[in-house]
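Architecture at a glance
This is what each chain is made of:
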Amino acid sequence: MNSRLEQIIAEIEEYIDNCKPQALSKGKIVVDREEIMELLTELRLKTPEEIKRYQKIIANKDAILSDAQAKADEILAQAKIQTSELISEHQIMQQAYAQANEVVSIATNQAQEILDKATEDANAIRTASIEYTDNLLSNMENIMIHAIDASREKYDGLLSSLQNCYEIVKANRNELSPSEEDTADDTETSSQETKPEEIELI
């Protein structure tokens, strides 16, 4: 069964897929800020819970090993009891020792197998948990990058539009109210054009 964290990521992906494309743009979409922020907020709140959950699974490794050690100790204790019983039954000493060693050897092998299997299972759980958590964080990272890129494109487009408007307004103002320097130049030019020619007397 999928976790709530996976469901939220799936909802975000489905939401992005269903968003309307922005006019005159193939790669941009129109996003409902409130709706996407709600999903991201829930994702942010759920992530620590999921990570703690898998940390608990990893912590169970110690419990598995401890249980395996207890079973191994129990087998060894039973083997020692059997060895004592064999010796106490007045059987031939050599046979008693041989049987005792065989029991201890079998018990030791069984205990080692249990420990090896427990360690293998615990490592498998730990590896799967780390991989799953990493996949979740990777999906979150991709969503964040997509959101940042989309916001940056919108911001750059807004700045460009404002700059163009500013240039147009500035040009219009210059046309309506020429600067003092331009006015002075025009006055000097007009004065030179209307000044009568001086007649040089001989």
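All values derive from a computational prediction rather than experimental measurement.

For the rest of this paragraph, the subject is the environment of Leu-76. Mapping Leu-76 onto the fold places it in helix α2 (residues 33–88). Assessed through its relative accessible area of 30%, Leu-76 is described here as partly exposed. For Leu-76 and Ser-105, which are 29 residues apart along the polypeptide, the C-alpha to C-alpha distance reads 9.4 Å. In this structure, Leu-76 is in contact with Ala-107 and Thr-108, ignoring residues within four places of it in sequence.

What follows concerns the environment of Thr-133. Here Thr-133 lies in helix α3 (residues 93–176). Residues Thr-133 and Thr-47, spaced 86 residues apart in sequence, show a C-alpha to C-alpha distance of 9.2 Å. One polar contact links the side chain of Thr-133 to the main-chain carbonyl oxygen of Ser-129, over a distance of 2.9 Å.

Looking now at the pattern of salt bridges. Within the structure shown, the criterion is met by three salt bridges. Note that Lys-71 is salt-bridged to Asp-67, the shortest N-O span being 3.6 Å. Here Asp-67 and Lys-71 lie together in helix α2, a separation of four residues that amounts to about one turn. For Asp-67, a relative accessible area of 42% translates into the label partly exposed. One salt bridge connects Lys-117 with Asp-121, and the closest N-O pair in it is separated by 2.9 Å. Of this pair, Lys-117 and Asp-121 both sit in helix α3, separated by four residues, roughly a single helical turn. Assessed through its relative accessible area of 45%, Lys-117 is described here as partly exposed.

Overall, the predicted model of the protein reaches an average pLDDT of 77, with 80% of residues at or above 70. Mean pLDDT across the secondary structure elements of the protein bottoms out at helix α4 (residues 180–194), with 54, and peaks at α3, with 85. Note that pLDDT drops below 50 for residues 193–202; the model gives that stretch zero contacts with residues more than four away or on any other chain.

Turning next to a nonpolar patch on the surface. A cluster of nonpolar side chains, contributed by Tyr-155, Leu-158, Leu-159 and Leu-162, occupies part of the molecular surface with about 410 Å² of accessible area. Here Leu-162 lies in helix α3.

Time to look at helix α1 (residues 4–18). Note: α-helices contain 3.6 residues per turn, so residues at a spacing of three or four share the same orientation. If you check α1, its first and last C-alpha atoms are 21 Å apart, about what 15 residues at 1.5 Å a residue would give, namely 21 Å. Buried within α1 are the following residues: Leu-5, Ile-8, Ile-9, Ile-12 and Tyr-15. The buried residues of α1 all sit within an arc of 125 degrees when viewed along its axis, so they share a single face. Summarising the geometry of α1, the exposed residues directed more than 90 degrees from the buried face are Glu-14, Asp-17 and Asn-18.

The terminal C-alpha atoms of α3, which comprises 84 residues, lie 123 Å apart, in line with the 124 Å expected from a rise of 1.5 Å per residue. Of all the residues in α3, the buried ones are Ala-96, Ala-100, Ala-107, Ala-111, Ala-118, Ala-122, Ser-129, Tyr-132, Thr-133, Leu-136, Met-140 and Ile-143.

Conventions used here
- Residues numbered from 1 in each chain as written.
- Predicted model: local features only at pLDDT ≥ 70, side-chain atom pairs only at ≥ 80, totals over all residues.
- Heavy atoms only, no water.
- Helix = DSSP H or I, 4+ residues; strand = E, 2+ residues; numbered from the N terminus.
- Buried < 20%, exposed > 50% of the residue type's maximum accessible area, 1.4 Å probe, protein only.
- Contact = heavy atoms within 4.5 Å.
- Polar contact = N/O pair within 3.5 Å; in protein donor to acceptor, adjacent residues only side chain to side chain.
- Salt bridge = Lys/Arg side-chain N within 4 Å of Asp/Glu carboxyl O.
- pLDDT = per-residue confidence, 0-100.
- Patch = residues over 30% accessible without salt bridge, like charges linked within 9 Å, V, L, I, M, F, W, Y side chains within 5 Å.
- Areas by Shrake-Rupley, 256 points an atom, 1.4 Å probe, with all protein chains shown as cover.
- Expected span 1.5 Å × (residues − 1).
- Arc of directions from axis to C-beta.

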